[in-house]
Amino acid sequence: MKKNNLINPSPRVIENSALGYSVLRSLNFTSQFLLLPLIEKWADGLPKQQPENFPQKIKEAFSEILELLKQDSKNISLGLYPAEVLTPQNPIQHAKSLINVLRDGFKIAKRRKEKKAHDFSAQELENLADIPDYARRNFHFQTGGYASTESAQLYEHQVEMLFSGSADAMRRLLIAPLKQATGWSDGEGLRFLEVGCGTGRLTKFMKLAFPKAKIVATDMSDSYLKIARQRLSQFDKIDFVQAWAEELPFPNQSFDFVYSCFLFHELPRDIRKKVFKESHRLLKSEGLMGLVDSIQKNDDQKLNWALDLFPQDFHEPFYKNYQNHPLEDELSGLGIQVVDKRIGFLSKALLGKPV
Ligand SMILES: C[S@@+](CC[C@H](N)C(=O)[O-])C[C@H]1O[C@@H](n2cnc3c(N)ncnc32)[C@H](O)[C@@H]1O
């Protein structure tokens, strides 16, 4: 009996274990994030400005992170996606990656101080040869922008530090509504298209939740796709294609689900519109469109201060415009009705279907 309980833990045990692990993970990334101001001070010598009533704001932010982690753990216990989504990174790799991220923090602080958002090595410039102006920049003041292997290797760790270990749970916001809308499908017979998949974190979570789906994952960056390919090498029915989101090389209405994660806030408005239109073109008439991205102005009034801070601290030239043009309006402009909306900390997930 006891043995059986260990092999088949109850949903409550799964939920609590997942939450315990996720909270520890969040504390780990938060403590790492606290090292960054020290490095930045060393690099740029600038005093750090804090928003008014900062301790209260941070307290509210952490209670939102906890809510998100609780929901994520609940979803795992309900079987919406497997606990495998929480598989930790090898600790030695994690420590090495932290050292590299801290080292890069120094370069980022210098770039921020000098307001250099187009800082590329000769090799990176070569990689960027055919890239349009809007994308030829160091988003977040990242070394190498999206053009280098180094940037691709550091990206996930940097993002988790920035969001206190909540980035993966934010990415997963989209999975529960999709699982429910597809009647708990395992993906059999379904074709998914991911736009701007980066290093493939959400791609892997989707594959774990919908193991029988065929996933085509696309991104403009070869360096990021290389990591995504390695991450998903043990899975079948998955293709990676280097492609621009505004001009994807697939026939009309060829996918059951078209989705993206953390893509739209980095695009100028005209490109955002083109990407929505292109995603719509590729979607079957009975398909679903989904996205996870930054919350926008007044999605959560308690966090408006963070939205104002983000484009000041990080190079995010299109973010202000993004904040003021609700994604819901872009979808309804295409004739897509939002059927599910969820907010988790600094992200929102929308699921829509053509009407
Ligand atoms: C903030 S990252 C998000 C990556 C990934 N979805 C994730 O959840 O971590 C944005 C990604 O979008 C890609 N990207 C930006 N503009 C693009 C475009 N116009 N077409 C295709 N990919 C684009 C970048 O290369 C990068 O991998």
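For the structure, check the block above.
Residues numbered from 1 in each chain as written. Predicted model: local features only at pLDDT ≥ 70, side-chain atom pairs only at ≥ 80, totals over all residues.

Peer 1: How should I be thinking about the sheet that holds strand 3 (residues 238-242) in this particular structure?
Peer 2: Pairing between the strands of a sheet comes from backbone hydrogen bonds, and it takes one of two forms, parallel or antiparallel. The strand order across the open sheet built from seven strands is 3-2-1-4-5-7-6, with neighbouring strands paired in mixed fashion. Here the strands that pair on one side only, and so sit at the sheet edges, are strand 3 and strand 6 (336-344). Direction aside, the axes of adjacent strands within the sheet are offset by 15° on average. In this structure, strand 1 (residues 191-195) lies alongside strand 4 (residues 255-261), joined through four bridges in parallel fashion. Each bridged residue has a counterpart across the sheet, and for V195 the counterpart in strand 4 is S260. With respect to the sheet, helix 11 (residues 222-231) is in contact with strand 2 (214-219) and strand 3, its orientation differing from that of strand 3 by roughly 170°. (Pairing = 2+ DSSP bridges. Helix = DSSP H or I, 4+ residues; strand = E, 2+ residues; numbered from the N terminus. Axes fitted to C-alpha atoms, helices over the stretch in contact; angles between N-to-C directions. Contact = placed C-beta atoms within 7 Å.)

Peer 1: Can you help me understand unusual backbone geometry in this one?
Peer 2: The general pattern is negative phi for most residues beyond glycine and trans for most peptide bonds. Located in the positive-phi region is K237, a residue other than glycine, with phi close to 55°. Its place among the elements puts K237 in the loop between helix 11 and strand 3. Judged by the 15 C-beta atoms lying within 10 Å of it, K237 is partly exposed. Despite not being glycine, Q253 has its phi angle at roughly 45°, a positive value. Residue placement: Q253 occurs in the loop between strand 3 and strand 4. Overall, the presence of 15 C-beta atoms within 10 Å leaves Q253 in the partly exposed class. (Buried ≥ 20, exposed ≤ 12 C-beta atoms within 10 Å, placed from the backbone.)

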